[in-house]
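Survey of secondary and tertiary structure
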Amino acid sequence: MKAEIRHHLIVGLGNPGPEYATTRHNIGFMAVDRLVRKYGLTACRSRINAEIAEGDIAGVRVLAAKPMTYMNRSGDPVSGIVQTHGIQCEDMVVIHDDIDLAYERLKIKEKGGDGGHNGLRSLIDALETDEFVRVRMGVGRPEGDIGVVDYVLDEFDANQRIILEPFLSRAIEAAEAILCEGAKDAMNRFNHKP
């Protein structure tokens, strides 16, 4: 009998649709898109409401996914992927925006609450656990009279766009380090100010 291949799951959080594609709230989608391209992961057909790609990253078998529901309903498709592919939640890495971190600041977190992030709340509710690793990508807080929702659903400003690609590259490196070295070693490498 053939042994099951153990998959790790990397999830990017965002909102589907072109109107959200380049907003701050979609930085998780952007990171997963670049990860798929960098490692040549292959798109999979799926009945789950998510875009899924599969392949190897540094010898580790990986599924990369973008839930195709709105952010606050991300949990249902992710739960479907976890159940369908027999993924352990501790083998899951979630990449998402975080307003509590300054722009370009990246922080790896092993587990914990949702911190007011609707996508994380949906995942925790659907999976019934918070035991998954997060790559928190700082997008900063709005200044002046701009509300948080308007801010995260807006495009990066000109100065932020200049350093967006290196920031996304660092997030991909962090995800690879989590897969290959474990979360604690990756935290030691990446949880410092750039």
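Figured I'd write up the structure that's included with this text. Keep in mind that this is a model prediction, so the values were computed, not measured. (Residues numbered from 1 in each chain as written. Predicted model: local features only at pLDDT ≥ 70, side-chain atom pairs only at ≥ 80, totals over all residues. Heavy atoms only, no water.)

Before going further, it helps to spend a moment on helix α6 (residues 164-181). Since one α-helical turn is 3.6 residues long, residues separated by three or four positions face the same way. Across its 18 residues, α6 extends 25 Å between first and last C-alpha, which sits within 8% of the 26 Å expected from 1.5 Å per residue. Within two residues after α6, G182 carries a phi angle of roughly 95°, on the positive side. (Helix = DSSP H or I, 4+ residues; strand = E, 2+ residues; numbered from the N terminus. Expected span 1.5 Å × (residues − 1).)

The element strand β4 (residues 60-67) is extensively covered by neighbouring structure, given that seven of its eight residues are classed as buried. Where strand β1 (residues 8-12) meets β4, four bridges bridge the pair, whose relative direction is parallel. Along β4, the bridge assignment pairs V11 with A65. (Buried < 20%, exposed > 50% of the residue type's maximum accessible area, 1.4 Å probe, protein only. Pairing = 2+ DSSP bridges.)

Bringing a negative patch on the surface into the picture now. A surface patch of like charges, here negative, comprises D150, D154, E155 and D157. For D150, the position within the fold is in helix α4 (residues 148-152). A relative accessible area of 57% places D150 in the exposed class. (Patch = residues over 30% accessible without salt bridge, like charges linked within 9 Å, V, L, I, M, F, W, Y side chains within 5 Å. Areas by Shrake-Rupley, 256 points an atom, 1.4 Å probe, with all protein chains shown as cover. Salt bridge = Lys/Arg side-chain N within 4 Å of Asp/Glu carboxyl O. Lys, Arg positive; Asp, Glu negative; His and termini not counted. Charge placed at Lys NZ, Arg CZ, Asp CG, Glu CD.)

Once rolled over the atoms, a probe with the size of a water molecule shows which space is left empty. Its volume calculated, the largest pocket comes out at about 520 Å³. Lining the largest pocket are 26 residues; nearest its centre among them are H25, D97, G116, H117 and N118. Those elements giving two or more residues to the lining of the largest pocket turn out to be β5 (92-98), α3 (118-127), β7 (133-138) and α4. (1 Å grid on protein atoms, 1.4 Å probe; cavity = no way out; pocket = protein on both sides within 12 Å on 5 of 7 lines; lining within 4 Å. Points joined across faces, edges and corners; volume = space filled by probe spheres on them.)

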